[in-house]
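Observations on the three-dimensional arrangement
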Amino acid sequence: MTGRSAGSYIPDDSGERSGPIRVIVHPPSPTGSRRVRVDGEILGLAHNVVDVAEFLRRAGLEIDPAEVAEAPWIDWRGVGPERWGPEM
């Protein structure tokens, strides 16, 4: 991926790829982390929204951690960004 600013919209790629970037944050695991994928590539296991923002930064998408929870182009699977651990 090339360096881009994600902002508050679904980022487009005018270069190599077609269509919007797909960011998926999977449901919490029993160990209290969530897998993060961008366009099918696993970026890592996040423990909070700051981790998600860092993974996206490393992938070339600049986003402020404060905007991660509200970004409409991030697909939060299972539960939203407020949950990171297993059910209690």
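Procedures and definitions
Residues numbered from 1 in each chain as written. Predicted model: local features only at pLDDT ≥ 70, side-chain atom pairs only at ≥ 80, totals over all residues. Heavy atoms only, no water. Buried < 20%, exposed > 50% of the residue type's maximum accessible area, 1.4 Å probe, protein only. Helix = DSSP H or I, 4+ residues; strand = E, 2+ residues; numbered from the N terminus. Pairing = 2+ DSSP bridges. pLDDT = per-residue confidence, 0-100. Contact = heavy atoms within 4.5 Å. Axes fitted to C-alpha atoms, helices over the stretch in contact; angles between N-to-C directions.

1. So, the pairing of strand 3 (residues 34-38)
The side-chain alternation of strand 3 yields one buried face, formed by Arg34, Val36 and Val38, and one unburied face, formed by Arg35 and Arg37. Both strand 2 (residues 23-25) and strand 3 contribute to a ladder of three bridges, which runs antiparallel. Of the residues in strand 3, the one forming a bridge with Ile24 is Arg37. Strand direction decides the pairing type here: strand 3 and strand 4 (residues 41-46), joined by five bridges, are antiparallel. Bridge pairing links Arg34 to Ala46 in strand 4. In this structure, the hairpin formed by strand 3 and strand 4 is closed by a connection of two residues, where Asp39 is found at a positive phi of approximately 50 degrees.

2. Some points on the confidence of the model for the protein chain
Overall, the prediction assigns the protein chain a mean pLDDT of 82, with 75% of residues at 70 or greater. Of all the helices and strands in the protein chain, strand 1 (residues 4-5) carries the lowest mean pLDDT, 46, while strand 2 carries the highest, 97. Confidence over residues 1-17 falls short of pLDDT 50; this stretch has 35 contacts with residues more than four positions distant or in other chains.

3. Some details on the sheet that holds strand 6 (residues 74-76)
What the four strands build is an open sheet, ordered 4-3-2-6; its pairing is mixed. Among the strands making up the open sheet, the edge pair consists of strand 4 and strand 6. Each strand of the sheet is rotated relative to its neighbour by a mean of 20 degrees, with strand direction disregarded. In this fold helix 1 (residues 49-58) packs onto strand 2, strand 3, strand 4 and strand 6, with an angle of close to 150 degrees to the strand it touches most, strand 4.

4. Examining the side chain of His26
Counting through the fold element by element, His26 comes out in the loop between strand 2 and strand 3. Setting aside its immediate chain neighbours within four residues, His26 contacts Arg34, Arg35, Arg37 and Arg77.

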